[in-house]
Amino acid sequence: MLRITGFFFLLLTLLHAFPGHIQAQVYEPVSWSYDVKYTSNNEAELLLTATIESGWHVYALNLPSDEGPIPTSFRFTPNAAYTANGKVKQGKFKTEYDPNFGMDLNFFDKKATFTQAIKRLSASDFKVDGELTFMVCNDEMCLPPEDVAFSIEVEGAELDQAAESAIAPQSLIGYDGAEEGVLTPVTWEFEVQDETDSTAVVVATAVVEEGWTIYSQTISPDYGPIPTTFTFEPGDGFVLSGAAVESEPIENFDPVWEMQLKYFSSGATFRQKVRKTSDKPVKVHGFITYMACDGFKCLAPEDVDFELDIKPASEPLLSASNEGESRSNWVIFIISFLSGFAALLTPCVFPMIPLTVSFFTKQSKTKAAGLRNAIIYGLCIIVIYVLLGVAVTAAFGAGALSELSTDPWFNLFFFALLVIFAISFLGAFEITLPNSWINKADAQADRGGFVGIFFMAFTLALVSFSCTGPIVGSLIVEAASRGGWAPAVGMLGFSLAIALPFALFAAFPGWLNSLPQSGGWLNSVKVTLGFLELAFAFKFLSNADMVLQLHLLEREVFIAIWIVVFTMLTFYLLGKLKLSHDNDLPYLSVTRLLLALITGTFVVYMFPGLWGAPLKLISAFPPPMHYSESPLGVGYVGGGVGGAEAKPIEDGQHLGPQNIYAFHDYDLGMAYARKVGKPVMIDFTGHACVNCRKMEQKVWSDPEIRRKLAEDVVLISLYVDEKLPLPEAEQVEIELTGGRKKKLRNVGHKWAAFQELKYGVNAQPYYVLLDHSEAMLVEPANYQDYGTVDLFNEWMVRGLAKFKK
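Thresholds, definitions, all that
Residues numbered from 1 in each chain as written. Predicted model: local features only at pLDDT ≥ 70, side-chain atom pairs only at ≥ 80, totals over all residues. Heavy atoms only, no water. Helix = DSSP H or I, 4+ residues; strand = E, 2+ residues; numbered from the N terminus. Expected span 1.5 Å × (residues − 1). Buried < 20%, exposed > 50% of the residue type's maximum accessible area, 1.4 Å probe, protein only. Contact = heavy atoms within 4.5 Å. Polar contact = N/O pair within 3.5 Å; in protein donor to acceptor, adjacent residues only side chain to side chain. Pairing = 2+ DSSP bridges. Axes fitted to C-alpha atoms, helices over the stretch in contact; angles between N-to-C directions. Patch = residues over 30% accessible without salt bridge, like charges linked within 9 Å, V, L, I, M, F, W, Y side chains within 5 Å. Areas by Shrake-Rupley, 256 points an atom, 1.4 Å probe, with all protein chains shown as cover. Salt bridge = Lys/Arg side-chain N within 4 Å of Asp/Glu carboxyl O. Lys, Arg positive; Asp, Glu negative; His and termini not counted. Charge placed at Lys NZ, Arg CZ, Asp CG, Glu CD. Parallel < 35°, antiparallel > 145°, perpendicular 65-115°, else oblique. Left-handed = near helix turned anticlockwise from the far one by under 90°. Nonpolar A, V, L, I, M, F, W, Y, C, P; charged D, E, K, R; others polar.

A few words now on helix α17 (residues 747–759). Residues spaced three or four apart along an α-helix point in a common direction, a consequence of the helix completing one turn every 3.6 residues. Over its 13 residues, α17 runs 18 Å from end to end, which matches the ideal 18 Å to within 8%, given 1.5 Å per residue. Along α17, the positions that sit buried rather than exposed are G748, H749, W751, A752, A753, Q755, E756 and Y759. Contacts made by the buried residues of α17 are with α14 (666–676), β27 (680–685), β28 (714–719), β29 (733–735), β30 (741–743) and β31 (766–770). Where α17 begins, the side chain of N746 points an oxygen toward the backbone nitrogen of G748, at a separation of 3.1 Å. Positive backbone phi, at 70°, marks G760, one or two positions downstream of α17.

Here you go:
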């Protein structure tokens with residue numbers, strides 16, 4: 001909901017954007033320098049340093065995903081005069097959440113230093129040649145990745161004599177006649193790098209002798225050489241986060257295997273991210289399996305064991321819900337900030353900007369005093385709205401808000417509230433506060449000083465309530481559905497956007513001349529917001545309908561309502577629909593035309609959804625496919641991989657997401673799994689769970705994942721907001737974590753308590769793969785860390801492989 005809401009609010013802020021001028025410019029914010037530090041008779045360190053202009057940043061060697069920016073990387077040209085000691089090391093970097101890429105990123109600003117230790121094998125001076133790749137970004141743009149060639153002069157040194165190995169010759173593959181001695185062309189180093197207080201990266205670095213290669217983990221294990229694999233022994237205190245990430249391999253024809261292969265020469269790095277789940281130090285055990293070949297022969301596959309210590313988490317047992325809450329709050333802040341700009345473009349707020357700024361500049365004795373008073377005025381606006389968010393959180397409790405979001409009666413209340421707000425924006429009436437409140441606040445504003453400025457800000461909040469109230473109310477409703485401190489964070493973003501123009505225009509009064517004149521366009525913004533409010537209101541009605549299982553607002557009806565609402569919005573933007581407060585539209589502006597094209601295209605996109613199309617762009621809004629008049633699709637005839645039969649194939653199974661049959665009872669599902677010899681996947685979900693719908697529509701819809709869920713596992717979907725009452729004998733009071741008491745009254749209470757007591761988590765979606773003894777096969781999965789097809793598929797593959805063993 002937030003992404004689409006923010007998209008439309010961002011479009012609204014462009015209704016009266018001013019054309020600017022684009023000037024071509026070549027940016028060169030990073031310069032590189034190189035140096036050598038000699039550490040012993042035959043060892044040295046190569047120093048590669050980036051000097052970065054202010055405001056720009058270069059990314060670290062290790063990034064969490066290939067879908068973000070390009071990490072810095074180094075490639076050294078093989079040279080018999082030296083050998084690398086370990087991998088490239090980097091200086092201290094920063095880790096912050098980047099809303100543009102939607103992930104935590106490691107980066108450097110101002111300066112970045114990378115170090116490569118080498119062992120000098122030549123008495124003569126030599127050069128270390130290579131190439132580095134880096135990407136540089138600021139808050140507004142990213143430059144394309146750049147390759148920089150380097151050549152570093154290194155002095156020669158006296159060589160140490162290495163002792164001869166006395167180990168028996170190692171067997172060779174694909175070679176007639178074994179060589180004398182043991183061939184050890186690959187050496188491994190292992191280390192742990194702390195990314196954050198809750199995550200770490202286990203790094204395995206291979207140093208490969210010249211002429212030898214090892215192979216990528218992505219090559220096929222069925223034919224050809226053995227791929228390199230990173231294997232962890234099961235242990236407590238950590239869970240793996242995604243699959244191991246390898247450095248960039250070379251892809252070329254291999255003369256030994258006579259096929260195209262991905263391989264590494266000179267060196268390779270493998271990184272496995274882990275999430276800390278203990279407040280005590282833990283040991284990580286595992287091994288690397290690899291195969292080394294040169295141009296004529298291959299050595300037998302070899303396992304290299306490792307044992308590493310991981311520091312404890314700063315917050316013990318950190319769950320994905322904690323991290324997800326932090327990211328959700330960032331999204332809430334950004335959308336609220338955009339909503340604040342949308343509120344500025346309403347008839348109640350926009351005209352107040354020049355009036356208020358002129359008051360401060362004219363009534364103040366000096367320009368500095370006027371600027372100071374305007375800044376205090378803006379800060380008072382922020383304080384007022386943030387206090388409102390804090391009051392909402394304090395009134396309901398930070399944890400209780402998210403529980404209320406799945407309650408059908410609160411969803412019905414939210415639906416009615418948003419409909420009232422929408423009707424107000426459409427012009428039927430105005431929601432105003434009592435005049436006595438406004439008069440009292442205005443009287444206090446005449447006192448002057450800080451108190452007077454505060455009540456001026458309070459008066460603005462009261463006077464503009466008819467326009468800002470519906471937006472503020474909608475934001476608090478959405479933030480409350482996420483729980484925690486989201487309402488306070490949302491009000492901070494909203495009020496910051498409202499307050500910012502007052503301070504900026506007070507600092508630069510000349511900008512007031514560039515503001516467009518108030519007029520009918522302000523009402524157009526208000527009406528457009530009304531249509532959006534009306535569309536989003538039905539999401540809450542749908543939540544209540546699904547939780548109560550009334551089947552009154554099934555998928556087809558929901559989509560039909562949205563088609564009608566956005567069709568009417570399109571006609572309104574084109575001037576074909578006129579409301580009572582609208583002025584005559586002499587011509588159609590380019591902005592209105594573009595918005596009409598977008599909403600019209602959106603309407604056409606939704607039409608196939610009436611006949612079963614998945615509509616992935618809005619998958620979090622309408623009810624899921626199985627909650628519809630035709631759950632198997634219009635004209636469905638049955639059969640097919642991952643599909644559904646005409647009837648449930650076992651008593652207790654129900655048609656679920658992606659036409660996959662699932663049990664809704666844990667005991668029935670486990671009994672059936674033991675009967676058919678398949679592992680179990682528990683799906684802790686909810687009828688009103690937005691992220692659950694995203695996983696089902698965007699991840700489970702992948703053909704291979706859908707097949708695994710339908711054929712390779714027994715799916716047990718436990719709805720934590722199911723309102724069916726429990727049998728009276730099961731309605732008992734239990735003690736949850738932290739000593740909380742709870743009466744189990746319905747099926748949802750039972751499964752929510754089961755999840756919390758057995759797995760220590762109360763967030764959904766949450767997925768667990770179990771064997772027949774109800775032991776976990778792999779770590780649990782969630783939306784935050786496994787919300788892509790590749791990550792979720794890899795998680796299932798590991799669990800199924802372990803079950804087969």
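With that settled, consider the sheet that holds strand β16 (residues 229–232). Ordered by their spatial adjacency, 3 strands build an open sheet running β16-β22-β24, and the pairing between neighbours is antiparallel. Looking at the sheet topology across the chains shown, the edges are occupied by β16 and β24 (302–310). The mean inter-strand angle of the sheet, taken between neighbouring strand axes irrespective of direction, is 25°. Two strands pair when backbone bridges link them, and β16 and strand β22 (residues 282–290) are joined in this way by 4 bridges, in the antiparallel orientation. Bridge pairing links F230 to I288 in β22.

Quick look at the side chain of T213 now. Positionally, T213 belongs in strand β15 (residues 213–215). The buried category is assigned to T213, whose relative accessible area is 13%. If near-sequence neighbours (up to four positions away) are discounted, T213 is found in contact with V208, Y263, F264, S265, M291, A292 and C293.

This part takes up a negative patch on the surface. The grouping of E233, E302, D303 and D305 at the surface amounts to a negative patch. If you trace the backbone, E233 turns up in the loop between β16 and β17 (238–240). A residue is classified by how much of its surface remains accessible, and E233, at 39% relative accessible area, is partly exposed.

Across the sheet, 4 strands lie side by side as β1-β2-β8-β5; this open sheet has antiparallel pairing. Pairing within the sheet leaves two strands with one partner each, and these edge strands are β1 (30–38) and β5 (82–90). Direction aside, the axes of adjacent strands within the sheet are offset by 20° on average. Here β1 pairs with strand β2 (residues 43–52) via 9 bridges, running antiparallel. The residue bridging S33 from the neighbouring strand is T49, located in β2.

When two helices pack together, you describe them by how their axes are tilted relative to each other and by the distance separating the axes. Look at helix α12 (residues 555–573) against helix α13 (residues 590–606): their axes get within 9 Å of each other, and the N-to-C directions meet at 160°. It follows that α12 is roughly antiparallel to α13 by the angle criterion. In the crossing of α12 with α13, the sense of the turn from one axis to the other is left-handed. Only R592, L595, A596, T599, G600, F602, V603 and M606 of α13 make contact with α12, whose side of the interface consists of I559, W562, I563, F566, T567, L569, T570, Y572 and L573. Of the residues belonging to the contact of α12 with α13, the class tally is 12 nonpolar, 4 polar and 1 charged.

Turning our attention to the packing of helix α16 (residues 703–712) against helix α19 (residues 789–804). For the pair α16 and α19, interaxial distance at closest approach is 10 Å and the crossing angle is 30°. One element, α16, and the other, α19, form an angle in the roughly parallel class. The way α16 lies across α19 gives a crossing that is left-handed. Contacts between α16 and α19 involve E704, I705, K708, L709 and D712 from the first element and V789, F792, N793, M796, V797 and L800 from the second. Taken together, the residues of the contact of α16 with α19 sort by class into 7 nonpolar, 1 polar and 3 charged.

What follows concerns α12. Relative to the 27 Å expected for 19 residues at 1.5 Å per residue, α12 spans 27 Å between its end C-alpha atoms, a close match to the ideal helical length. Among the residues of α12, R555, E556, F558, I559, W562, I563, V565, F566, L569, T570, Y572 and L573 are the ones counted as buried. Of the residues flanking the end of α12, it is G575, one or two places downstream, whose phi is positive at about 85°.

When charged atoms on two side chains of opposite charge get close, those side chains can pair. Scanning the model with the defined rule gives 15 salt bridges in all. For R707, the salt bridge is made with E704, and the minimal N-O distance between the two is 2.8 Å. Highlighted residues: R707 and E704, both in helix α16, separated by 3 residues, approximately one helical turn. Under the relative-accessibility criterion, E704 is labelled partly exposed at 33%. One salt bridge in this structure joins K750 and E730, with 3.5 Å as the shortest N-O distance. With K750 in helix α17 and E730 in the loop between β28 and β29, this residue pair connects regions lying 20 residues apart in the sequence. Classification of K750 by relative accessible area gives partly exposed; the value is 26%. Among the residues examined, E730 registers a relative accessible area of 35% and is labelled partly exposed. Salt bridges sharing partners connect three or more residues here, namely E704, R707, K708, E711 and D712.

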